Amino acid sequence: MATQCVTLFTSAGGTDLQYSANEWTLVSVQLETAGPVVIGTQEHLAPLGSGRGISVGTTPRYMVLSPGERLYSLSSALNRVSMVAQPLPNLVAIALKIDALIGALAKKIGFLKP
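These figures come from a predicted structure and were not determined experimentally.

In terms of regular secondary structure, the chain is built from one helix and eight strands. The secondary structure elements of the chain, listed N-terminal to C-terminal, are β-β-β-β-β-β-β-β-α. Dimensions of the chain along its principal axes, counting C-alpha atoms only, are 45 × 35 × 20 Å. Expressed as a percentage of the 114 residues in the chain, the buried residues total 31%. Carbon and sulfur atoms make up 59% of the accessible area of the chain, which totals about 7000 Å². Once the 8 positive and 6 negative side-chain charges of the chain are each reduced to a mean point, those two points are 10 Å apart.

Dropping the structure here:
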């Protein structure tokens, strides 16, 4: 996959699917209009300001998506958001997989509380 640079438009009052990751991907989003806009990997981000997503502002916000994860947006009005999605190098992807595995094992044995 090559780096993708796109301009997204959110709809008023609904959660929109904006991106689906096929591989480990670093996604950068930045608000180009007034807002508010919230992004996240959960399909149900409503209500706005509930803390279920990351608030997007005029400075770039970054997220790492694993293969199969989706990026959703929620807005109260039509907004324009710029997004850059770039694949992570294989070594970084392997490190993220190891980190996720260690976290899952630690949670399973009770080292970390869910």
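Our focus in this paragraph is the nonpolar core. Ranked by size, the top nonpolar core spans 15 residues in total, and within it Tyr19, Val27, Val29, Leu65, Leu71 and Met83 carry the most contacts. Not counting chain neighbours up to four residues away, the residues in contact with valine 29 comprise Ile39, Val56, Thr59, Pro60, Arg61, Leu71, Val81, Ser82 and Met83.

Time to look at the sheet that holds strand E8 (residues 79-87). A sheet is described by the order of its strands in space; here four strands give the open sequence E1-E8-E3-E6, paired in antiparallel fashion. Looking at strand neighbours, the two that pair on one side only are strand E1 (4-10) and strand E6 (61-65), the edges of this open sheet. For this sheet, the mean inter-axis angle between neighbouring strands, taken without regard to orientation, is 25°. Relative to E8, strand E3 (residues 25-31) is paired through seven bridges, and the arrangement is antiparallel. In the sheet register, threonine 25 faces E8, and the bridge partner there is proline 87.

Criteria and thresholds
- Residues numbered from 1 in each chain as written.
- Predicted model: local features only at pLDDT ≥ 70, side-chain atom pairs only at ≥ 80, totals over all residues.
- Heavy atoms only, no water.
- Helix = DSSP H or I, 4+ residues; strand = E, 2+ residues; numbered from the N terminus.
- Buried < 20%, exposed > 50% of the residue type's maximum accessible area, 1.4 Å probe, protein only.
- Areas by Shrake-Rupley, 256 points an atom, 1.4 Å probe, with all protein chains shown as cover.
- Lys, Arg positive; Asp, Glu negative; His and termini not counted.
- Charge placed at Lys NZ, Arg CZ, Asp CG, Glu CD.
- Core = buried A, V, L, I, M, F, W, Y, C linked by side-chain atoms within 4.5 Å.
- Contact = heavy atoms within 4.5 Å.
- Pairing = 2+ DSSP bridges.
- Axes fitted to C-alpha atoms, helices over the stretch in contact; angles between N-to-C directions.

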